[in-house]
Amino acid sequence: MKTLAQIAAELQGYEPQALPAHTVNAFLAQMVPLPREAEDVPLMQALGRVLAAPVISPIDVPAHDNSAMDGYAFCGQALQPDQPLALKLVGTALAGEAYRGAVAPGQCIRIMTGAVMPAGLDTVVPQEMAVVDGTQITIPPGAVRNGDNRRARGEDLQQGTVALAKGSVLAPASLGLLASLGLPQVRVWRRLRVAYFSTGDEILSLGEPVREGAVFDSNRYTVWGMLQRMGVECVDLGVVPDEPAQLEAAFRLAAARADAIITSGGVSVGEADHTKAMMRKIAQSDTPGEGGVVFWRIAMRPGRPMAVGRVGRIPLFGLPGNPVAVMVTFLAFVRPALWQMMGANPDDPAVAPPLLKARSTVAVRKKAGRTEYQRAIVSVDAAGQLGVQTTGDQGSGVLRSMVRANGLLVLHHEQGNVAPGDLVDVMVFAGVL
Ligand code: AMP
Ligand code: MG
């Protein structure tokens with residue numbers, strides 16, 4: 001595998017051109033470390049956690065052949081085409097209580113959903129299809145076929161096979177599955193710890209007195225929210241002014257307390273953009289020869305400038321300052337990198353929500369040669385088709401349009417203008433934001 005320094009050197013060759021977004025992701029995938037520590041946790045603490053080892057089923061599921069319906073169980077071989085089948089009722093099998101008696105040819109038993117099929121019986125006629133006269137049960141011709149309404153032992157899962165793959169992100173359904181196997185706890189990767197802070201002399205923490213030219217810190221709240229959605233342990237380091245010594249202290253504190261660092265602001269080319277210089281200084285003094293910081297102009301909108309590096313072994317993501325750019329670069333780059341650090345499978349539904357195709361109801365101007373993420377409202381039209389419109393003002397500071405949006409219109413690197421009626425890719429926020 002290439003060293004960080006080699007990749008960084010190659011990427012610097014792109015300057016001053018902006019990098020395509022997918023190149024940045026390929027770099028990040030190489031740069032971030034994989035998870036190392038695992039722990040066993042009870043199921044009710046495992047929601048959203050990532051499996052550190054495959055779960056092998058200790059049992060067959062279902063554990064016995066059982067009935068899928070409330071009805072009458074019998075031996076299906078006796079069924080004749082075009083003729084009713086008359087059976088004598090000899091007993092009842094309830095769920096959770098096996099029927100112990102013998103069932104001879106020409107006999108049947110009443111059976112409830114989930115009850116174990118007695119030996120020799122393989123077919124269930126639903127009670128509403130049977131004609132009942134005392135203990136005389138008649139099955140009309142064609143009502144069922146041999147083997148109907150029986151769930152076979154091991155049909156869902158066989159003992160010794162993989163029930164859940166390593167790297168699965170545990171969803172409610174996975175917890176249910178684990179419980180159905182009788183497993184009270186599960187081995188997951190330790191929760192990832194991420195430290196973050198905002199930078200800027202003009203940035204106010206909530207509760208501070210308002211002053212001219214200052215803005216309240218919104219990035220810490222969006223970043224916190226997006227990290228929470230991923231089940232990350234958050235270390236909030238507040239607002240750090242554009243002052244080199246304070247920035248350095250913040251970086252060192254963050255690296256000591258977390259597995260990854262996220263900052264916002266200070267990575268463009270302004271007078272007070274010290275974050276870059278400080279990242280470079282720390283990375284070089286702490287990991288000499290690693291060349292551990294790369295700055296990019298990424299061919300995307302919003303979110304052109306971004307810095308990435310390491311403090312020791314700790315990856316750091318220097319996001320732009322503009323609130324919408326923070327969210328979009330987080331979604332595009334930080335989120336996939338963090339999921340990798342968390343040990344998740346790249347194709348897990350929690351990691352990679354599918355891009356859906358929707359018909360654009362509006363014209364969208366788009367230059368080929370960069371990726372654009374436009375805030376969008378995705379809806380279903382009268383014909384049941386997905387449609388998408390943008391939320392209007394796409395300024396990268398306009399958080400309100402992010403609030404109105406329920407997804408992003410993703411316009412790929414090579415794509416040009418969109419005409420009304422064109423099919424486009426959309427990422428719906430459900431489960432992500
Ligand atoms: P910068 O990249 O530091 O020049 O910031 C770009 C723009 O984003 C400036 O208008 C900043 O005031 C704004 N900004 C930076 N950080 C934040 C923040 N944490 N919350 C809200 N706005 C911010
Ligand atoms: Mg700034």
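Treat the numbers as computed from the prediction; the structure is a model and nothing was measured.

Quick notes on the sheet that holds strand 7 (residues 123-126)
No. 1: Pairing within the open sheet is mixed, and its six strands lie in the order 7-4-6-5-9-8. Looking at the sheet topology across the chains shown, the edges are occupied by strand 7 and strand 8 (131-133). For this sheet, the mean inter-axis angle between neighbouring strands, taken without regard to orientation, is 35°.
No. 2: Looking at chain direction, strand 4 (residues 71-74) and strand 6 (residues 107-111) are connected through three bridges and run antiparallel. Paired with Ala-73 across the two strands is Ile-109, which belongs to strand 6.

Thoughts on the site of ligand 1
No. 1: Near ligand 1, the surroundings consist of 13 residues, among which Glu-202, Asp-217, Ser-218, Asn-219 and Gly-266 are the closest.
No. 2: Separating an oxygen atom of ligand 1 from a side-chain N or O atom of Glu-202 is a distance of 2.6 Å.
No. 3: A total of 480 Å² of accessible area belongs to ligand 1 in isolation, and the protein chains cover 75% of it.
No. 4: Residues of the shell around ligand 1, tallied by class, amount to three nonpolar, eight polar and two charged.

Thoughts on the domain arrangement of the chain
A common way to state how big an interface is: give the accessible area lost once the parts meet.
No. 1: Under the domain assignment used here, the chain contains domain 1 (4-20 + 190-341), domain 2 (39-61 + 155-189), domain 3 (66-151) and domain 4 (356-431).
No. 2: Computed over C-alpha atoms only, the centres of domain 3 and domain 4 are separated by 56 Å.

Notes on the packing of helix 4 (residues 219-229) against helix 7 (residues 323-341)
For any two helices packed against each other, one specifies the crossing angle of their axes together with the interaxial distance.
No. 1: Where helix 4 contacts helix 7, the two axes come as close as 10 Å, and the packing angle between them is 30°. As judged from the angle between their axes, helix 4 and helix 7 are roughly parallel. Taken as a pair, helix 4 and helix 7 cross one another with a handedness that is right-handed. Across from Asn-219, Thr-222, Val-223, Met-226 and Leu-227 in helix 4, the residues of helix 7 making contact are Pro-323, Val-326, Met-327, Phe-330 and Leu-338.
No. 2: Of the residues that constitute the contact of helix 4 with helix 7, the class distribution is eight nonpolar, two polar and no charged.

Structural notes on the pairing of strand 13 (residues 193-199)
No. 1: By the criterion of burial, strand 13 is predominantly enclosed, with six of the seven residues buried.
No. 2: In this sheet, strand 16 (residues 233-240) lies alongside strand 13 in parallel orientation, the contact comprising six bridges. The residue of strand 16 that forms the bridge with Thr-199 is Val-240.
No. 3: With five bridges joining them, strand 13 and strand 17 (residues 260-264) adopt parallel strand pairing. Among the inter-strand pairings, Phe-197 is bridged to a residue of strand 17, identified as Thr-263.

Side note on the side chain of Thr-371
No. 1: The residue Thr-371 is located in strand 23 (residues 371-380) in this model.
No. 2: Setting aside its immediate chain neighbours within four residues, Thr-371 contacts Ala-21, Ala-299, Met-300, Arg-301, Leu-411, His-412 and His-413.

A look at helix 2 (residues 21-31)
No. 1: Among the residues of helix 2, those classed as buried are Ala-21, Thr-23, Val-24, Phe-27, Leu-28 and Met-31. In a view along the axis of helix 2, the buried residues occupy a sector of 155°, so they form one face of it.

Re the nonpolar core
No. 1: Ranked by size, the top nonpolar core spans 53 residues in total, and within it Leu-28, Leu-227, Ile-262, Phe-317, Phe-330, Phe-333 and Leu-338 carry the most contacts.
No. 2: The dominant element in this core, judged by the number of residues it contributes, is helix 7, at 13 residues.
No. 3: In contact with Phe-330, not counting residues within four places along its chain, are Met-226, Leu-227, Met-230, Ile-262, Leu-319, Arg-335, Pro-336 and Leu-338.
No. 4: Ranked by size, the runner-up nonpolar core spans 20 residues in total, among them Ala-195, Val-235, Ala-255 and Ile-261.

With respect to the packing of aromatic side chains
No. 1: For the structure shown, the criterion picks out one aromatic pair.
No. 2: Considering the side-chain rings of Phe-197 and Phe-251, the 5.4 Å spacing of their centres and the 70° angle between planes classify their relative orientation as edge-to-face. Highlighted residues: Phe-197 in strand 13 and Phe-251 in helix 5 (residues 244-257), separated in sequence by 54 residues. Here Phe-197 and Phe-251 have matching classes, each one buried.

Describing the pattern of salt bridges
No. 1: Evaluation of the coordinates by the stated rule reveals 13 salt bridges.
No. 2: Measuring nitrogen to oxygen at the nearest pair gives 2.8 Å for the salt bridge that ties Lys-357 to Asp-425. In this pair, Lys-357 is assigned in strand 22 (residues 356-360) and Asp-425 in strand 26 (residues 423-428), connecting sequence segments 68 residues apart.
No. 3: Owing to a relative accessible area of 12%, Asp-425 belongs among the buried residues under this scheme.

Remarks on the side chain of Glu-248
No. 1: Checked against the element boundaries, Glu-248 lands in helix 5.
No. 2: Taking the relative accessible area as the measure of exposure, Glu-248 reaches 18% and is therefore buried.
No. 3: What Glu-248 contacts, discounting residues up to four positions off in sequence, is Met-278, Lys-281 and Ile-282.

Some details on the packing of helix 2 against helix 7
No. 1: The contact between helix 2 and helix 7 brings their axes to 10 Å, and the two run at 25°. Comparing the axis directions of helix 2 and helix 7 gives the class roughly parallel. For the pair helix 2 and helix 7, the crossing hand works out as right-handed. Note on element contacts: helix 7 touches helix 2 through Ala-332, Phe-333, Pro-336, Ala-337 and Gln-340, opposite Ala-21, Val-24, Asn-25, Leu-28 and Ala-29.
No. 2: Here the residues of the contact of helix 2 with helix 7 are counted per class, giving eight nonpolar, two polar and no charged.

Thresholds, definitions, all that
Every chain is numbered independently, its residues counted from 1 as its sequence is written. Each chain is given a letter, starting from A, and each ligand a number, starting from 1, according to the order in which they appear as written. Residue-level local features of this predicted model are given only where pLDDT is at least 70; pairs of side-chain atoms are given and counted only at 80 or more, and the full residue set underlies all totals for whole chains, interfaces and linings. Heavy atoms throughout the structure, all of them, feed into the side-chain values; hydrogens and water do not. Being paired, for any two strands, means DSSP has found at least two bridges between them. Think of it this way: any DSSP run of H or I at least four residues long counts as a helix, any run of E at least two long counts as a strand, and we number them from the N terminus. What counts as an axis is a line fitted to C-alpha atoms, over the stretch in contact for a helix, and the angles between N-to-C directions run from 0 to 180 degrees. When at least one non-hydrogen atom of a residue lies within 4 Å of a molecule or strand, that residue is treated as near it. Pairing of N or O atoms within 3.5 Å defines a polar contact, subject to two protein rules: one partner must be a possible hydrogen donor and the other a possible acceptor, and residues neighboring in sequence count only if both atoms are side-chain atoms. Accessible surface is estimated by sampling points in the Shrake-Rupley manner with a 1.4 Å probe; for residues, cover comes only from the protein chains shown. Residues are grouped as follows: Ala, Val, Leu, Ile, Met, Phe, Trp, Tyr, Cys and Pro are nonpolar; Asp, Glu, Lys and Arg are charged; all remaining types, including Gly, are polar. The domain boundaries here were taken from an automatic or database domain assignment. Roughly parallel refers to an angle under 35 degrees, roughly antiparallel to one over 145, roughly perpendicular to one between 65 and 115, and oblique to any angle outside these ranges. A crossing counts as left-handed when the near helix is turned anticlockwise from the far one by less than a right angle, and as right-handed when that turn is clockwise. The contact criterion used is simple: two residues touch if any of their non-hydrogen atoms lie within 4.5 Å. Throughout, exposure labels follow a simple rule: accessible area from a 1.4 Å probe, protein chains only, divided by the maximum for the residue type, with under 20% read as buried, over 50% as exposed, and the rest as partly exposed. The directions considered for the arc run from the helix axis to the C-beta atoms. As used in this record, nonpolar core signifies buried Ala, Val, Leu, Ile, Met, Phe, Trp, Tyr and Cys residues forming a set joined through side-chain atoms within 4.5 Å. Working definition: rings of Phe, Tyr and Trp (its six-membered ring) pair if their centres are within 6.5 Å, and the pair is stacked with planes under 30 degrees apart, edge-to-face with planes over 60 apart, and tilted otherwise. Here, a salt bridge means any Lys or Arg side-chain nitrogen found within 4 Å of an Asp or Glu carboxyl oxygen.

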